[in-house]
Structure formats: C-alpha cells, structure tokens
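Residues per chain are reported as follows:
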Amino acid sequence: MSTVMKRLSNILIKSKKIKKLQFECVEIKNNLSTQATAIEYKVNVDGVDINYVKTGSGEHAVLLLPGMMGTIWTDFKPQIDNLNKEKLTIIAWDPPGYGKSKPPNRTFPKNFHRRDATWACNFMKTLGFDKFSLIGWSDGGITSLILAATYPENVRKIIVTATHTYITPQEMALYEISKDLSTWSERVRRSLITIYGEKYLQDTLSSWIDARRFIVENNNGDICKGDLSKIKSQTLIVHGKKDIIIPIEHPHYIKANIKNSKLKIFNDGRHNAHLKYADEFNALANNFLINEEDKKL
C-alpha cells in the first residue's frame, strides 16, 4: 500500500468510520429475513449454470442485480415480494460465482463489470426477454449502467441505487481496511460465512479489492464514466445521503452525465436505502417502471 493510502487508512480508523462501515454491513445483510418466497431455477448461459428466481406475470420484465458478495435474497427480498406482479415479471439472479451460481468461483479480471453486463444480457435473452428493465444495487448498478450503454436496444429503463462510476482514494482506503475480516462485525461476518464459507469469502473479497486497486492505479479510478453519455434509457438514481461506502457525490455525477435521468435522495438513508425504506423504494420503482411513459433520447 502506498504512503498516501496508509495515511488515509489511519485517518479513517481514528475517525471511527470503520465502525460505521461495519454497522452498514450489518444492516445490509441482517435487516430482513432471507427465507425464500419464490421458486428458484437454474439455466445454462454461456456454459455457466445461473441460479435465479422469477415471479409475476406482467409483460414488462425487470432484472434485479445484487451487489458485491450479494445474492437474490440478501439484496432484493422486499422487491421480489412486493413489486407489482401484475404489471411486471420480476427476475433476480445470483451473478456467476455468487450465491448458488457456483461453480464457477467468482473472478475479477480487469473487464469483469463488462463481462457481467454481457452475461446478464445473454441471461435475459436465454429466458426469452429481448427487452427488459434493470434494478441494480452497488456493483449491480455498475453492471446495469454498462449493460444499458452497451446494449441500448435491449434496455427499457434503469434504476440504480448506491452506485458509482469511479473510485476515489478515500474510498480505496476503506476497501483496503475491510480486506481484513477481523475488522468486520461478528454478525455480518457470520452471515456471509454461512453462505460462502470463510475461505471463499476471504479469497473473493481479497480478489475484489485487488480489482478495485487495479482500477485506481491503472485507470485513475475510472470504472465506467465514459458509458454514461451512451445511455439512452430513462434512468432513476436512488441514493442514501448518509452512505459512507458510496458517498453522495456519486449519484450527482451520474445524474449530471445521463441526460434522461432523475435523482431521488433518502436523507436518512445509508448504503441499503432500498432495503431500509423498502416500501417507499418499491412505490418509486413501480411508478417509474409502470406509470411513466417510456422515453428514449
């Protein structure tokens, strides 16, 4: 780690931000039951058996994309249960290497977000949906933005929550600290170990942080800034004002660079605003996806 990164890490530790990060992680993974309420299926896409759920009978298909180490149920249970199932067909996947979409193990080549976007698009086409909308959380939001920019003919609308398109040095410092599982709260560590096992969790987390560091060191922190101007679909950006994992500058940057977009801030929300304020988020999503006329630039 560079001298600058070490100094930033020390500053963050002294300011007790790591405790806040632990608290957010606990909220993210433990503030709701993860008991399944819809049937899970598997489908082979590009040689990988992908685990997913599908519920609802509407003509408008919506894919839910989890965040880092996330799964269908940890990241989107309130949306699977309560989005409008008459107007929408709701699909949520475990991205390859996460949840029950294993094997393969999760990998993070330098283009992994673009790989995931292609995987997600091919997954929806395999299920018979050539046109669909996206709801992506955190890393899943990055995948959603890239998918919409790369395959505009397939995307109707986008909702991204707690998402960024670049990494700041301060954010990278937080990632470096979180690489040590002993800094995590016991509850969140135990929750994820139950899903993945300790070795897989540690190895995957370390690889994800290494991939983030590569972006910072080799691409000036730019994940997908250049994709935003290519997005033609209507986009709703949702963010918690108190999110310390993805600070508040990021949704404003996304809003400024996607012409056909609007922003909703939850003033007391953190990284998991779509879970903490699930009823309000679902109402926003239903209205945006169903009631607002499809418009493209």
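Now for a quick tour of the structure. (Residues numbered from 1 in each chain as written. Predicted model: local features only at pLDDT ≥ 70, side-chain atom pairs only at ≥ 80, totals over all residues. Heavy atoms only, no water.)

Under the criterion given, the structure shown has 15 salt bridges. Connected via shared salt-bridge partners are Glu176, Lys179, Asp210 and Arg213. (Salt bridge = Lys/Arg side-chain N within 4 Å of Asp/Glu carboxyl O.)

This structure, assessed with the given rule, holds eight aromatic pairs. When the ring of Phe266 is compared with that of Tyr277, the centres are 5.4 Å apart and the planes differ by 10°; the resulting orientation is stacked. Separated by 11 residues along the polypeptide, Phe266 in strand S8 (residues 261-266) and Tyr277 in the loop between helix H10 (273-276) and helix H11 (278-291) bring together distant segments of the chain. Tyr277 gets classed as partly exposed once you look at its relative accessible area, which sits at 27%. Members of the aromatic cluster, each reached through a chain of ring pairs, are Tyr41, Tyr52, Trp93 and Phe123. (Phe/Tyr/Trp six-rings, centres within 6.5 Å; stacked < 30°, edge-to-face > 60°. Helix = DSSP H or I, 4+ residues; strand = E, 2+ residues; numbered from the N terminus. Buried < 20%, exposed > 50% of the residue type's maximum accessible area, 1.4 Å probe, protein only.)

Glancing now at unusual backbone geometry. Put simply, Lys102 and Pro103 share a cis peptide bond, and its omega is -5°. Topologically, Pro103 is positioned in the loop between strand S4 (88-93) and helix H4 (112-126). Residue Pro103 is joined to Pro104 through a cis peptide bond whose omega torsion reads 10°. Even without being glycine, Met69 reaches a positive phi, approximately 65°. In this structure, Ser138 is a non-glycine residue whose phi angle is positive, near 60°. In this structure, Ser138 sits in the loop between strand S5 (132-137) and helix H5 (139-150).

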